[in-house]
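So the chains spell out like this:
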Amino acid sequence: MNKREGEGCPRKNADAVQDRDVSGNPSSPVISVFKVFQQELDTKHDKYERLVKISRDVTIESKRTIFLLHRVTSVPDAEDVLNEADVKLDGVRQKIGQIAEELRGEDIYQFHRAFTPGIQEYVEAVSFLHYIRHRSLISLEEINARLVFMRTEKVDPKGSGEALPLGAQVLTFQVTPSDYLLGVADLTGELMRMCISSVGNGDIDTPFQLSQFLRQIHDGFSYIGNTGPYEVSKKLHTLRQSLGKVEDACYTLRVRGSEIPKHMLADVFTSRTTLIDPEEGVV
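Residues numbered from 1 in each chain as written. Predicted model: local features only at pLDDT ≥ 70, side-chain atom pairs only at ≥ 80, totals over all residues. Heavy atoms only, no water.

### Structural notes on the nonpolar core
Then, in step 1: The biggest cluster of nonpolar side chains holds 58 residues, and the ones touching the most others in it are Ile 96, Tyr 122, Ile 143, Phe 173, Val 175 and Leu 191.
Then, in step 2: Residue assignment for this core shows that the elements contributing at least two residues are α3 (29-69), α4 (78-102), α5 (112-134), α6 (140-145), α7 (177-200), α8 (206-224) and α9 (230-256).
Then, in step 3: With eleven residues, α5 is the single largest residue contributor to this core.
Then, in step 4: Leaving out residues up to four positions away in the same chain, Val 175 has contacts with Ile 119, Val 123, Leu 140, Ile 143, Asn 144, Leu 147 and Tyr 180. (Core = buried A, V, L, I, M, F, W, Y, C linked by side-chain atoms within 4.5 Å. Buried < 20%, exposed > 50% of the residue type's maximum accessible area, 1.4 Å probe, protein only. Helix = DSSP H or I, 4+ residues; strand = E, 2+ residues; numbered from the N terminus. Contact = heavy atoms within 4.5 Å.)

Encoded structure:
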């Protein structure tokens, strides 16, 4: 039975023999080509993992900077806190410089998902610092202007055992518009927390400034609508919640501010914001 099947399928048997010859011959051109593919994929995977680790460090340091900046509402000299935040952000930028080195000569969008969480957190931190100092929103061009790095390298010329300086090389990292928008959307949550902290410290002017600023950001995101990235439309709901909480705080200050002692205002706002329907948006 088996002999008849083998005799009736000479083409099939020949293909099987050829496959065994190819798989058992390391010098086969097919095997050589797939080894090259394997090396390329391994190199890309290793670079992706390194970018994920650097992005994680950027996220951690950016969050620490944001926590530091929230102290400006409770310290007598806010400039010391802002200067310390500048130092921390300089360290974050050095880590972003490592990302720029890893992406040198690469397509940034092949590795974008590896480092986008850290970049969004950095945008949130640097925009928060910029708002505290200037009461305005930092632009994408201003952020990218600070992400220019100088790197010095050395080259070993042929026939010489000494390395000669090659000179300074400029590395740049460009934050994508989508990462910028997502970072600004996260900024609104920090501004909402800053509003509640300011009221708790007796500052009743900051909530009204924040309310106007958040309304402008909300209007800008509303113009984008569904034409922007999918993640932006998802965070628009959170932005509306933050704006609603700040406007609720301003309403309480305006209507009942004279009835509630200043040291109890923060507790009142905290209890009121928990009663807001999480599915309720801002009209």
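### Some points on the state of the cysteines
Then, in step 1: Across all of its chains, the model carries zero disulfides by this definition.
Then, in step 2: Of the cysteine sulfurs around Cys 195, a residue in no disulfide, the closest is that of Cys 250, at 5.6 Å.
Then, in step 3: Its relative accessible area of 0% is what places Cys 195 among the buried residues. (Disulfide = S-S within 2.5 Å.)

### Concerning the side chain of Thr 176
Then, in step 1: Its location among the elements puts Thr 176 in the loop between β2 (164-172) and α7.
Then, in step 2: Residue contacts for Thr 176: discarding those within four places in its chain leaves Tyr 109, His 112 and Leu 140.

### Describing α7
Then, in step 1: End to end, α7 covers 35 Å across 24 residues, agreeing with the expected 34 Å (1.5 Å per residue, within 8%).
Then, in step 2: Within α7, 17 of the 24 residues are buried, which leaves it mostly tucked inside the rest of the structure.
Then, in step 3: Of the residues trailing α7, Gly 202 is marked for its positive phi of about 90°. (Expected span 1.5 Å × (residues − 1).)

### Some details on unusual backbone geometry
Then, in step 1: At Arg 135, a position not held by glycine, the phi torsion is positive, near 55°.
Then, in step 2: Within the element layout of this structure, Arg 135 appears in the loop between α5 and α6.

### Section: the packing of α7 against α8
For any two helices packed against each other, the geometry comes down to the angle between their axes and how far apart the axes lie.
Then, in step 1: Between α7 and α8, the shortest axis-to-axis distance is 10 Å and the interhelical angle comes to 160°. Between α7 and α8, the angle is such that the two are roughly antiparallel. Considering how the two elements wind past one another, α7 and α8 form a crossing that is left-handed. Residues Leu 181, Val 184, Ala 185, Thr 188, Leu 191, Met 194, Cys 195, Ser 198 and Val 199 of α7 form the contact with α8, whose participating residues are Thr 206, Pro 207, Leu 210, Phe 213, Leu 214, Ile 217, Phe 221 and Ile 224.
Then, in step 2: Classifying every residue of the contact of α7 with α8 by side-chain character gives 14 nonpolar, three polar and no charged. (Axes fitted to C-alpha atoms, helices over the stretch in contact; angles between N-to-C directions. Parallel < 35°, antiparallel > 145°, perpendicular 65-115°, else oblique. Left-handed = near helix turned anticlockwise from the far one by under 90°. Nonpolar A, V, L, I, M, F, W, Y, C, P; charged D, E, K, R; others polar.)

### Describing the packing of aromatic side chains
Then, in step 1: All told, the structure shown has three aromatic pairs when counted by the stated rule.
Then, in step 2: Summarising the aromatic geometry, the rings of Phe 34 and Phe 37 are spaced 5.8 Å apart at their centres and angled 80° between planes, so their arrangement reads as edge-to-face. Remark: Phe 37 and Phe 34 occur in helix α3; sequence separation between them is three residues, near one turn of the helix.
Then, in step 3: Assessed through its relative accessible area of 41%, Phe 37 is described here as partly exposed.
Then, in step 4: Seen in terms of ring centroids, Tyr 131 and Phe 213 are 4.6 Å apart; in terms of plane orientation they differ by 35°. Their pairing is tilted. Here the residue Tyr 131 occupies a position in helix α5, and Phe 213 occupies one in helix α8, the gap between them amounting to 82 residues. In this structure, Tyr 131 and Phe 213 share a single accessibility class: buried. (Phe/Tyr/Trp six-rings, centres within 6.5 Å; stacked < 30°, edge-to-face > 60°.)

### Focus on the environment of Leu 243
Then, in step 1: Within the secondary structure, Leu 243 is located in helix α9.
Then, in step 2: With 55 residues separating them in the primary sequence, Leu 243 and Thr 188 have C-alpha atoms 7.7 Å apart.

### Section: the confidence of the model for the chain
Do not read the predicted coordinates in detail wherever pLDDT is low.
Then, in step 1: On average, the chain scores 82 in pLDDT, and the residues at 70 or more come to 76%.
Then, in step 2: Under a pLDDT of 50 for its full length, residues 274-283 has, in the predicted model, ten contacts with residues more than four places off or in other chains. (pLDDT = per-residue confidence, 0-100.)

### A short note on the layout of surface pockets
Then, in step 1: The space that makes up the largest pocket amounts to roughly 190 Å³.
Then, in step 2: Taken together, 15 residues line the largest pocket, and the ones lying closest to its centre are Glu 124, Asp 186, Gly 189, Glu 190 and Arg 193.
Then, in step 3: Every element with two or more residues in the lining of the largest pocket is listed here: α3, α5, α7 and α9.
Then, in step 4: With six residues, the single largest contributor to the lining of the largest pocket is α7.
Then, in step 5: Residue classes in the lining of the largest pocket are distributed as four nonpolar, four polar and seven charged. (1 Å grid on protein atoms, 1.4 Å probe; cavity = no way out; pocket = protein on both sides within 12 Å on 5 of 7 lines; lining within 4 Å. Points joined across faces, edges and corners; volume = space filled by probe spheres on them.)

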